[in-house]
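Tertiary structure, described
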Amino acid sequence: MSRRPRRRRLRDHVAIVWLASAVIVALVHRWVQASTWLMIHLVLLGALTHSALVWSEHFAHTLLRTPPDESTSRRQDARVGLNALGALAVFAGVPGQWWWLVVAGASLVAVAIGWHGAHLVATLRRALPNRFRVVTHSYVAASACLPIGAGFGVALAFGLSEEWHGRLLIAHMVTNLLGWIGLTVTGTLVTFWPTMLRARMDDRAEQLAREALPIQLGGIATVVAGALLGWRPLAVAGLVIFALGLLWWGRALARPLRAKGLREFAPASVLAALSWGGVGLVWVGWLLVSAGSWAALADAVPTVAGVFAAGFAAQLLSGALSYLVPSVMGGGPSVVRAGRAWFDRAATGRLVVINAGLLLFLLPVPSWVKVTVSTAGLVALASFLPLLIGGAKASARARRAIATGAPAPEVAEPRVWSSRQLVGGLTALALAAGLGIGLDPTAAGIVLPGAGAGATVAPTGRTTRVEVVADGVAFIPNRITVPAGDRLIVVVRNADPRMSHDLIIGAARTARLFPGETTELDAGVMAASTQGWCSVAGHRQMGMTLQVVVEGAPGASVPEPGTPNDPAAGHALHAGTSGASSGTGAVIPPNPSDVVSRTVDPVLPPLSGDRVRKVTLTVTEAPLEVAPGLWQTRWTYNGASAGPVLHGRVGDVFEVTLINDGTIGHSIDFHAGALAPDVPMRTIAPGESLVYRFTAERAGIWMYHCSTMPMSTHIAAGMHGAVIIEPDGLAPVDRSYALVQSEVFLANAATTAEQAQEVDADKVNAERPDRVVFNGIANQYDLAPFAAKVGERVRFWVLDAGPNRASAFHIVGGQFDTVWTEGAYTLRGDPRTGAQVLPLAPAQGGFVELTFPEAGHYAVVSHAMVDAERGAHGIVAVTE
C-alpha cells in the first residue's frame, strides 16, 4: 500500500509543481531574473520533460505487454527523481548565473533520460513480437536526442561569439523540441489519439509511423548539421524533411477525427497544441530563411519558444493529462467518467481564451493589450490545475460511493462545444483587450480628432489621405499639403527596423509604432498650416518633423520648433538659465528630514573568481526619484537611475545579454571592449535582445551607455554605467566606493511617480541640466553618507558619464595621495605631494585614494560649484 501512492506522487505531482511554478513566475516575471527563459523552461524542461519520461515508460510497458515489477518501478522512481533534481539545478543555476550548477543539472537530466532509453531498449528485447513496437522505437530515438540537446544547451553557457551562440541555440532547440519531445509525442499519438477520440484506429497507423520515424530523424540530423556548419539552407532543408515525415505520420490522425469528431476537451486541446506546434515549426523555418545572420535569428528565438511553451506544450499537457489521469486512477467506467467530467468544464471558453488570446498577443497590438490578453490566457491555462484537483476528488467520491453499494453517480454525456461558452470566451478576451486600451488609450491610437479646430473654415466634405513613412529620424516625405477644409488622414508606417516612432499633429496622435507597424492618424478638418512631429524623446530635436501646409488658408504659415506659436514649446520656453529650471524651482540643499525611496549602494561590488562574467541588462522605462521628492521617468538598465557597476580584471570575458523591455529602440556600447561596433552596438527594437561579448584587455573605469541616437538624450535619461577593470597589482584598501556623475534634465516638477515625465530633450540640447548627480540621484549621499574610520585608506572610483559636463571631483577637508586617471598614475603615494581634485571630461574616469586624519563630516563634491549645488554633493561620515 505504501508504494503505490508514492509512485503516483512522483508521476503526477512533479509536473503539477513545475506548471504551478511557471504560473507564479509569469505573474511576478518583472521581479525575476531571466524570467522569460525560466517560464519557457519550467514548461518545456520541467513539466513536459517529466511527463514525457513518465508516460512514455507507461505506454511502452502497456503496448509491449511487459507490466513493470516492483524493482522496475523503483528504478523508474529513481529516474524521475534524478530528472527533477537536475531540472531544479538548471532552474536555479541559469538565473543565478551559477554555471557549474547548470552543467551539473543538465548532466543529471541527460543521465536520467539516457537511462530511460537504455531501459526501453532492454524492455524491447524482453518483449514478444508486437504490432506497436514502433511506438517504443520512437521513445528510444527521442531519448537519444535529449542528451545531445542538453550538451548544446550547456555549451550556450560559455562565452561564445554571437554567430556560434545563434547556431548552437537552433541546434539545442531543434534537438530537444523536435527530437526528444516531438518523437515522443508522435510515437504516443499512434495509439493514444484514437483512444482519446473513442474511435477505431487507422489501419495504416503503425506502418505510417514506422515509415515516418527515419524521415523525422533524418530531418533533425540535417537541421543540426546545418546549424553547426553555419549553412542555413541546409538547416531549412532539414526542417522541410522533418515536416514531410510529420505529414506522412499525421495522415493516420485524420480518419479517427473524421469518424468521431471532437467531443471532449482532451483531444480538442491536443489538436490545438499540434496546430501551434506546426505554427512554431513554420516560424523557425521562416526565421532561418529571412534572418540576416545567426545572431539576428537568435534574437527572435525567445518569442518562438514562448509559442511552443504556451501554445504547444501547455495545451498538450492539459489535454493529455485530462484523459490520462482519470483513466490511470481507475475504479471503473463510472469513476473515470466522474473525474473526466471535471476536465470538460468550460472547455469551449478555455480553448477560445487560450488560442484566440495567444493569436491576439502575437499581433501588433499595444503593450498593455498584450499584458491583459496574456493574463486572460494564463488564467485559462492555469484553470487546469484546480480542475485536476476537482477531478481527482470527484473520482474519489465516486469510488467511495460504489464501495458502499450506492448507485454510480450519473455523469452527463461529454459535450465540448458550447455556443454560450464561445460567446463568453470571446467576451472575456474583448474585455481584457478593452482594459488594456483603457490603461493606455494613447498607445491604442485613441485620440481627439480636429487638429484644425479653432480655425474658421467651412468643411469641404472631402478627405485627403497621405502616406508618410517613419525611418531613422525622419518622416518621408517631411512636407505634405492639404486643401483648406479637407479632413486629413495620415497613414503612418514605421519602416525603421529598430526604433519605435509616433506622430503628433495638433491634438491628434498615434500610438507608438513598433518596427513594421502601420496606423492611421485622423488630424481632423484642416484650417491652418501646422507642424507634426515624433514625440520620442530627442527625435523632434533631431529634425523628425512633418510640415503640414494647408492650401488656401488665410495667413497660413508653419510654426518653427520652439517658437511661441509652436504648441509643443511649453516648458522648453520657460527653462531657467542658471541650470535650475523654473519649472522645478531653485536648487536648495537637502533637508536632513528628506528621504529618497531607494538609495544606490556606492560600495564597489567585490571581485569574484569568475573569468567569464555573465550579465543581463534589461531595458525598462520607469518613474524613479532623481532627487529627494523629485521624480522622472527614466530609461534604465535594470531598473535603477544609473546602470549597475560591473567589476573585473584584465583578461576577463564579459558576456552581456541586453533585453529591450522598453517601448522604443535601445542599444549598448561598452568602452571596456575593443571590437567592431556594427553588430553588438546595434539598436534593437522593443521585445528583442542581443548578446554582447568582449574581453577586458586594459585596465580602467570604462563607461557603457546607450548609443542610439540622439545619444545625448539616451545617456541623460539614465542609460549609462561603469565597468571597473582593476590594474594589475592594485593594492588593497579598507573601503572602495564607485561614483558615476551625470546630468538630469526635467520636463516637469513631478513630486510623485504618477506625475513623472521623460527627459527634456530641448534642455539636453541647450545644455541646461536641472540636477547634476552621483549615481543617478541628487544629494542621496548627504542623506545616506559614505562611511569611513580615521586612518582607513579609502578609494573612490569616479566616472563622468556626462553627457555634457566635466567633473572636478573633490573632498572638502581631504587630500589625495594617489590619483589614477585614464590608465595611468599621476600621483602615487609620495608623502610630500598631493592632489586636491580629480579632473574628468565626459566619459573619462579614474580613482583617488586618501586617509582621513580625524573624525568629522567631509563633503564630497564636484568643484564646479554650480554642479555641487545642483546635487553633485555627498558626505563622508568619518568616525574614530
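As the structure is a computational prediction, the values presented were derived from the model and not from experiment.

A word on a nonpolar patch on the surface
A cluster of nonpolar side chains, namely Ile215, Val240, Ile241, Leu244 and Leu247, defines an oily patch on the protein surface of about 430 Å² accessible area. Here the nonpolar patch gets four residues from one element, more than from any other, and that element is helix α8 (residues 232-260). Relative to the assigned elements, isoleucine 215 resides in helix α7 (residues 205-229). You can call isoleucine 215 partly exposed: its relative accessible area is 33%.

Details of the packing of aromatic side chains
Evaluation of the coordinates by the stated rule reveals 25 aromatic pairs. Each ring, one from tryptophan 37 and one from phenylalanine 91, has its centre 6.4 Å from the other, and the planes form 70 degrees; the classification is edge-to-face. Separated by 54 residues along the polypeptide, tryptophan 37 in helix α2 (residues 35-64) and phenylalanine 91 in helix α3 (residues 70-96) bring together distant segments of the chain. Between tryptophan 820 and tyrosine 825, the aromatic rings sit 6.5 Å apart at their centres with planes inclined by 70 degrees, giving edge-to-face as the arrangement. Classification of tyrosine 825 as partly exposed rests on a relative accessible area of 29%.

Some points on the side chain of asparagine 355
With respect to the helices and strands, asparagine 355 occurs in helix α12 (residues 347-362). At 2.8 Å, the side chain of asparagine 355 and the backbone oxygen of leucine 351 are in polar contact. Ignoring any residue separated from it by four or fewer positions in sequence, one finds asparagine 355 in contact with Ala272, Trp276 and Gln315.

Concerning the sheet that holds strand β19 (residues 771-774)
Here we have six strands laid out as an open sheet, ordered β19-β18-β21-β26-β23-β24, and mixed in their pairing. Each edge of the open sheet carries a strand with a single partner, namely β19 and β24 (824-828). Strand-to-strand twist in this sheet, taken as the mean axis angle between neighbours without regard to direction, amounts to 15 degrees. Inspection of the sheet shows strand β21 (residues 793-802) paired to strand β26 (residues 845-851) by seven bridges, in the antiparallel sense. Of the residues in β26, the one forming a bridge with leucine 799 is glycine 845.

Re the pattern of salt bridges
Enumeration over the complete set of coordinates arrives at 22 salt bridges. Between aspartate 502 and arginine 509 there is a salt bridge, with its nearest N and O atoms 3.3 Å apart. Using a relative accessible area of 1% as the deciding quantity, one classes aspartate 502 as buried. The class of arginine 509 is partly exposed, set by a relative accessible area of 29%. In this structure, glutamate 849 and arginine 793 form a salt bridge, with 2.9 Å as the shortest nitrogen-oxygen distance. With glutamate 849 in strand β26 and arginine 793 in strand β21, the pair connects residues that are 56 residues apart, well separated along the chain. According to the relative accessible area criterion, glutamate 849 is buried, its value standing at 7%. The structure contains a network of salt bridges with shared partners spanning Arg793, Arg795, Asp817 and Glu849.

As for empty space enclosed by the protein
Over the atoms, a rolled probe matching the size of one water molecule traces out where space is still vacant. This structure, assessed with the given rule, holds seven cavities of 30 Å³ or more. Roughly 240 Å³ of internal volume is contained in the largest cavity. Counting only elements with at least two residues in the lining of the largest cavity, the list comes to α2, α6 (162-197) and α10 (294-329). Looking at the lining of the largest cavity residue by residue, the classes come out as 14 nonpolar, four polar and no charged.

Cut-offs applied
Along every chain, residues carry numbers that run from 1 in the direction the sequence is written. Per-residue local features are limited, in this predicted model, to residues with pLDDT of at least 70; the limit for side-chain atom pairs, both in listing and counting, is 80 or more; totals at the level of whole chains, interfaces and linings are taken over all residues. Working from all heavy atoms in the structure, the side-chain values ignore hydrogens and water. Grouping into patches uses exposed residues only, defined as over 30% relative accessible area, and leaves out salt-bridged ones; the cut-off is 9 Å for like charges and 5 Å for nonpolar side chains (Val, Leu, Ile, Met, Phe, Trp, Tyr). Residue exposure ignores everything except the shown protein chains as possible cover, and the areas themselves are Shrake-Rupley values with a 1.4 Å probe. A pair is scored as a salt bridge if a Lys or Arg side-chain nitrogen falls within 4 Å of a carboxyl oxygen belonging to Asp or Glu. The secondary structure listing takes helices from DSSP runs of H or I that are at least 4 residues long and strands from runs of E that are at least 2 residues long, numbered from the N terminus. Three exposure classes are used, based on accessible area relative to the maximum for each residue type with a 1.4 Å probe and protein chains only: buried under 20%, partly exposed in between, and exposed over 50%. To pair, rings of Phe, Tyr and Trp, with the six-membered ring standing in for Trp, must have centres within 6.5 Å; the planes then decide the type, stacked if under 30 degrees apart, edge-to-face if over 60, and tilted in the middle. We define a polar contact as two N or O atoms separated by no more than 3.5 Å, with the added condition that, inside protein, one atom must be a possible hydrogen donor and the other a possible acceptor, whereas residues neighbouring each other in sequence contribute only through side-chain atom pairs. Any two residues having at least one pair of non-hydrogen atoms within 4.5 Å are treated as being in contact. In this description, strands pair whenever DSSP reports at least two bridges between them. Between the N-to-C directions of two axes lies an angle of 0 to 180 degrees, each axis being a line fitted to C-alpha atoms and, for a helix, fitted only over the stretch in contact. Cavities and pockets were defined on a 1 Å grid built over protein atoms only: a cavity is a set of grid points that admits a 1.4 Å probe from which the probe cannot escape, a pocket is an open set flanked by protein on both sides within 12 Å along at least five of seven lines, and lining residues are those with an atom within 4 Å of any such point. Grid points are joined across faces, edges and corners, and a volume is the space filled by probe spheres set on the points. In the scheme used here, Gly and all other residues not listed as nonpolar or charged are polar, with Ala, Val, Leu, Ile, Met, Phe, Trp, Tyr, Cys and Pro taken as nonpolar and Asp, Glu, Lys and Arg as charged.

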